[in-house]
Each structure stands twice: as C-alpha cells, then as structure tokens.
Amino acid sequence: MKNILITGGAGFIGSHVVRLFVNKYPDYHIFNLDKLTYAGNLENLADVCDKPNYTFVKGDIEDLGFVMELFRKYRFDGVIHLAAESHVDRSIEDPMTFIHTNVLGTVHLLNAAREIWKDSADGKKFYQISTDEVYGALGDTGSFSETTPYNPHSPYSAAKASADHFVRAYHDTYKLPTVISNCSNNYGPNQFPEKLIPLFINNIKNNKPLPVYGKGLNVRDWLYVEDHAEAIDLIFHHAVPGSTYNIGGNNEWKNIDLIKKLIEIMDRKLGRPEGESLKLITYVTDRAGHDFRYAIDASKVKEDLGWMPKVKFDEGFEKTVDWYLANEEWFNHVTSGEYAEYYEKMYGNR
Ligand code: NAD
Ligand code: TYD
C-alpha cells in the first residue's frame, strides 16, 4: 500500500483528482489535505468519502509544524500538490494571502518531503500542479511551450511562478524528485462560481448582469477538468524527476464568443426564447493587468505520454451546464455566507 498525499483535494480540480485516484488505485491510500477555505467543499467528494483507501485531513499548509508531523506520521510515497489560492481577481485585492499559501505553503511541503525522503527518494515523487499563467500573456499568435520563460503579471501567477521556482530549486539543489505541469483554464463540475463559467451560469439562471471585463476579447484555452485529472495521473506515474509538462485543450475561445455560446445553451435548457439572455451582457471596467491571450503547446505530453484531451468542447460544455443546473443545492451552499460579500465587493459598483 502506498500513501499518497493530495493537497487541495476539496477544491475544483483536486476533487476530480482525488476521485480518479481513489477509484483507480485501490492499493494507494489517498490522503486529502485541505484547509477548507471558501473554495474547499467536502460535498465535492461525497461519493468517495466512505471509501476505505481515502482519508480527509483538515489542515493548513502554512503551518509548518503540522505539515512536518503529517509527513512523519504517514511517510508519503508521493505528493500531488494542488492547494492554492487560485483566483486572479482575489489576488489583485489581497496579494499577501497568495504569497502565504502558494509560496510559503509549497516550500513547507517541499521541506517536509525532503526530510522524510532524505535517506532514499527512490520511486518517490513531488508533483506541483501549476498554471499556464506563469508564462505571461501572448499576442494574437504563438503558444506557450515548456521552455517559454516565466513572465507572470498578476499576484496569483507571480505566486505560482515563485512556487514553481522553489520546486525546481529543490530538485536541482537537493535532488528532490519533483515534476511540474502547467495547465490552461479548466472547466467542469464543482468549480467555485467566482470563475467565469460557473459565475455566468449562476447569473444567467438568476437573470443577473454578466460582467464582461473590457471588450470581452481576451482569449483562454479551455480544458475539461477530467481530462486534466487524467494528464495528472499519467505525469505522476511516468514523468522523470526534474521534468515539466504543459497541458492544454487546444481549444481557444474569445471570452465574448464563449459567453454567447453559454447563453445559447442556457436559454435552450431553461426554455427561454433563443437569445433572451444576451441582454444580460454588461461590459465593465477591465481587470487590472488582464492577460490578453493564453495558448498551450501540449505536444510534449502527447509525444512522451500519449495524452490528449478526450472530451470534445461541445460535449463538455453541455455536461457542465447540466451539472450546475442539476446541483442547485451545491450552488446554494457555496454561494451562501462569504460569497455574497465577495460578489458585492467585486461587482457591486461596476
Ligand atoms: P480551488 O480554489 O478550487 O481549490 C483550492 C483548494 O485548496 C481548496 O479546496 C482550498 O480549501 C485549498 N486550500 C487553499 N489554501 C489552503 C491552505 N493554506 N492549506 C490547505 N489547503 C488550502 O482551485 P482549483 O481551480 O481547483 O486549482 C487547483 C490547483 O490547480 C491550483 O494550484 C491552481 O493554481 C492550479 N490550476 C488551476 C487551473 C484552473 O483553471 N482552475 C488551471 C491550471 C492550474
Ligand atoms: P477566470 O475564470 O477568472 O480565469 P483566469 O483569469 O484565470 O483566466 O477568467 C476567465 C476570463 O474571463 C478572463 O479573461 C477574465 C474574464 N472574466 C470576465 O470577463 N468577467 C468575470 O466576471 C470573470 C470572473 C472573468
């Protein structure tokens, strides 16, 4: 039995990774370490919480003493590190939280792994889940490859970039067996409705304005979250220490086109006349430092590990909308409490 630590497993992507690993690897014991911030929700894992090879640990990666104790107790064979503050807009409001969680928290985990693997790191792996946003922004053409220099613009991406540098430094300095992957924008069930797609689904449903930043011309490359989880599985098991992989959907959308497509699907599913919700589109002040375009060259992960996205965007987008419409209770739980305050602060006077 191997003990595998997944951090941030109660969040959006983490919950899909935990589900995949718990179900696919009965000979692994999966420990999900999560602080349960506003973004962490154990309801995301209701279907796996009683499995014998799963344990939830509530804790904070900023607490070095706690992290060390946990590693000494369970002697993890592998770490998949997703816990992070993940929303760009929040990072603009409050960068320090991002530095504490994303940078310091990551270094704590690295220190703990280094200590428990100091005699032998054979067969061990520390896997840092990162983002394409560390590479900065593209113009109309080109894409990010694994050798694109880091050039982050937001406090979120700067904190993730800093953490990635520490991960590489621990590999180069202490021979810690680390790997990193940098993925494009994920979409799918269980994403917290501060991010574009679930926020807009919720607003369309409730006939609330859709706050489009700037002219809506920014471009993102969207990947279905389960495809990301499968890439993580392959990279965790097969990537050589010190390596980096870019993961992307090869699926670029201008925000405004994506929003119009979402409106088309939502109006159909809600039984509204076609185009009815277009009137909700509201252009608001642009995000500060808004990266124009992200695009990923995912040829390395395809060539080395045979990974390609399986879920076609049309299918994944419909499935995503269906999930949010069918899970009203989940929406109500995550949007109660702190969410209303956040929403008012971000969009109240725009
Ligand atoms: P999320 O915000 O949905 O989840 C983050 C999780 O981390 C939450 O469960 C939260 O409770 C937990 N967490 C936060 N601070 C913590 C702390 N101090 N200690 C322990 N747990 C803590 O994020 P997500 O969208 O699922 O992203 C997961 C990871 O993937 C992040 O590292 C993010 O940078 C990366 N990523 C996300 C995307 C995307 O499109 N969402 C794309 C590429 C990479
Ligand atoms: P988001 O989901 O926050 O992801 P990221 O900033 O990490 O790419 O935003 C996706 C795109 O949608 C981004 O270009 C910003 C834009 N956006 C809006 O236009 N309005 C909104 O209310 C939000 C949250 C995002």
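Not measured: the values here are computed from a predicted model. Starting from 1, residues in each chain are numbered consecutively following that chain's sequence as written. For this description, chains carry letters from A and ligands carry numbers from 1, given in the order in which they are written. Given that the model is predicted, a residue must reach a pLDDT of at least 70 before its local features are reported, and side-chain atom pairs must reach 80 or more before they are shown or counted; all residues, however, enter totals for whole chains, interfaces and linings. The basis for the side-chain values is all heavy atoms of the structure; hydrogens and waters are excluded.

**Describing the overall build of the chain**
So, point 1. Helix and strand counts for the chain come out as 12 helices and 12 strands.
So, point 2. For 350 residues, the compact-globule estimate of 2.2 N^0.38 gives 20 Å, and the chain sits close to it at 20 Å.
So, point 3. Judged by the C-alpha coordinates and their principal axes, the chain covers about 65 × 45 × 40 Å.
So, point 4. Averaging the positions of the 38 positive and the 49 negative side-chain charges in the chain gives two centres separated by 1 Å. To qualify as a helix, a DSSP run of H or I must reach at least 4 residues; to qualify as a strand, a run of E must reach at least 2; elements of each kind are numbered from the N terminus. Atoms counted for the radius of gyration: C-alpha only. Globule rule: 2.2 Å times residue count to the power 0.38. Neither His nor the chain ends contribute to the count of charged residues, in which Lys and Arg are positive and Asp and Glu negative. Note that the charge is assigned to NZ on lysines, CZ on arginines, CG on aspartates and CD on glutamates.

**Considerations on the site of ligand 2**
So, point 1. Neighbouring ligand 2 are 20 residues, the closest being Glu 133, Arg 220, Arg 287, His 290 and Tyr 347.
So, point 2. Counting of polar contacts relies on pairs of N or O atoms within 3.5 Å, with two restrictions inside protein: one atom must be capable of donating a hydrogen and the other of accepting it, and residues adjacent in sequence are counted only when both atoms are side-chain atoms. Between an oxygen atom of ligand 2 and a side-chain N or O atom of Arg 287, the distance comes to 2.5 Å.
So, point 3. Between ligand 2 and Tyr 347, the relevant distance is 2.7 Å, taken from an oxygen atom to a side-chain nitrogen or oxygen of the residue.
So, point 4. About the coverage of ligand 2: the protein hides 98% of its 510 Å² of free accessible area.
So, point 5. Sorting the residues of the shell around ligand 2 by element identifies helix H3 (88-93), helix H6 (196-205) and strand S8 (210-213) as the ones contributing at least two each. Being near a molecule or strand, for a residue, means having at least one of its heavy atoms within 4 Å of it. Residue burial considers only the protein chains on display, and all accessible areas are found by Shrake-Rupley using a 1.4 Å probe.

**Thoughts on the packing of helix H8 (residues 255-269) against helix H10 (residues 313-326)**
So, point 1. Orientation of H8 relative to H10, taken along the N-to-C sense of each, is 55°, at an axis distance of 11 Å. Overall, the two elements H8 and H10 adopt an arrangement that is oblique. Seen from above, H8 lies across H10 with right-handed handedness. Two secondary-structure elements touch here, H8 through Leu 258, Lys 261, Leu 262, Ile 265, Met 266, Arg 268 and Lys 269 and H10 through Phe 313, Asp 314, Phe 317, Glu 318, Val 321, Asp 322 and Leu 325.
So, point 2. Of the residues contributing to the contact of H8 with H10, the split by class is eight nonpolar, no polar and six charged. Only the contacting stretch of a helix is used when fitting its axis, a line to C-alpha atoms as for every element, and angles between N-to-C directions run 0 to 180 degrees. Note on angle classes: values under 35 degrees are labelled roughly parallel, values over 145 roughly antiparallel, values of 65 to 115 roughly perpendicular, and the remainder oblique. For any pair of crossing helices, the crossing counts as left-handed if the nearer helix is rotated counterclockwise from the farther one by less than a right angle, and right-handed if it is rotated clockwise. Contacts are assigned to residue pairs with any non-hydrogen atoms lying within 4.5 Å of each other. Under the scheme applied, nonpolar residues are Ala, Val, Leu, Ile, Met, Phe, Trp, Tyr, Cys and Pro; charged residues are Asp, Glu, Lys and Arg; polar residues are all the others, including Gly.

**Remarks on the site of ligand 1**
So, point 1. In the vicinity of ligand 1 there are 30 residues, among which Ile 13, Asp 34, Ser 86, Tyr 156 and Lys 160 approach most closely.
So, point 2. In this structure, a nitrogen atom belonging to ligand 1 sits 3.0 Å away from a main-chain N or O atom of Lys 35.
So, point 3. At 3.4 Å from an oxygen atom of ligand 1 is found a main-chain nitrogen or oxygen belonging to Leu 36.
So, point 4. About the coverage of ligand 1: the protein hides 97% of its 840 Å² of free accessible area.
So, point 5. Counting residues per element, the ones that place at least two in the shell around ligand 1 are helix H1 (12-24), strand S5 (125-131), helix H5 (155-174) and strand S7 (185-187).
So, point 6. No other element matches S5, which puts three residues into the shell around ligand 1.

**Some words on H6**
Spacing of three or four residues puts side chains on the same side of an α-helix, whose turn is 3.6 residues.
So, point 1. Only protein chains enter the area calculation, which uses a 1.4 Å probe; residues under 20% of their type maximum are buried, those over 50% are exposed, and those in between are partly exposed. Judged by how many residues are buried, H6 sits mostly within the fold: nine of 10 residues are covered.
So, point 2. Looking at H6, one finds that the buried residues are Ile 197, Pro 198, Leu 199, Phe 200, Ile 201, Asn 202, Asn 203, Ile 204 and Lys 205.
So, point 3. Downstream of H6 by one or two residues, Asn 207 has phi in the positive range, about 55°.

**A look at the pairing of strand S6 (residues 178-183)**
So, point 1. The element S6 is extensively covered by neighbouring structure, given that six of its six residues are classed as buried.
So, point 2. Neither face of S6 is open: one carries Thr 178, Ile 180 and Asn 182, the other Val 179, Ser 181 and Cys 183, and all of them are buried.
So, point 3. By the bridge criterion, six bridges tie S5 to S6 in an arrangement that is parallel. Pairing of Ser 130 across the sheet is with Asn 182, part of S6.
So, point 4. Alignment of S6 against strand S10 (residues 244-247), held across four bridges, turns out to be parallel. Bridge pairing links Cys 183 to Ile 247 in S10. Only when DSSP finds a minimum of two bridges between them are two strands counted as paired.

**Considerations on H8**
So, point 1. The span expected for a helix works out to 1.5 Å for each residue beyond the first. Helix length check: H8 (15 residues) gives 21 Å between terminal C-alpha atoms against 21 Å at 1.5 Å per residue, within 8%.
So, point 2. Three or more residues of H8 are buried, namely Asn 255, Ile 256, Leu 258, Ile 259, Lys 261, Leu 262, Ile 263, Ile 265, Met 266 and Asp 267.
So, point 3. Of the surrounding secondary structure, the elements contacted by the buried residues of H8 are H6, S8, strand S9 (219-224), strand S11 (252-254), strand S12 (281-284) and H10.

**Comments concerning the sheet that holds strand S1 (residues 2-7)**
So, point 1. What the seven strands build is an open sheet, ordered S3-S2-S1-S4-S5-S6-S10; its pairing is parallel. With partners counted over all chains shown, the strands left at the sheet margins are strand S3 (54-58) and S10, one partner each. Adjacent strand axes in the sheet meet at a mean angle of 20°, parallel and antiparallel pairs treated alike.
So, point 2. Packed on one face of the sheet, H1 meets S1, strand S2 (28-34), S3 and strand S4 (78-81) and runs near 160° to S2.
So, point 3. Relative to S5, H5 is tilted by about 155°, and along the sheet it contacts S5, S6 and S10.

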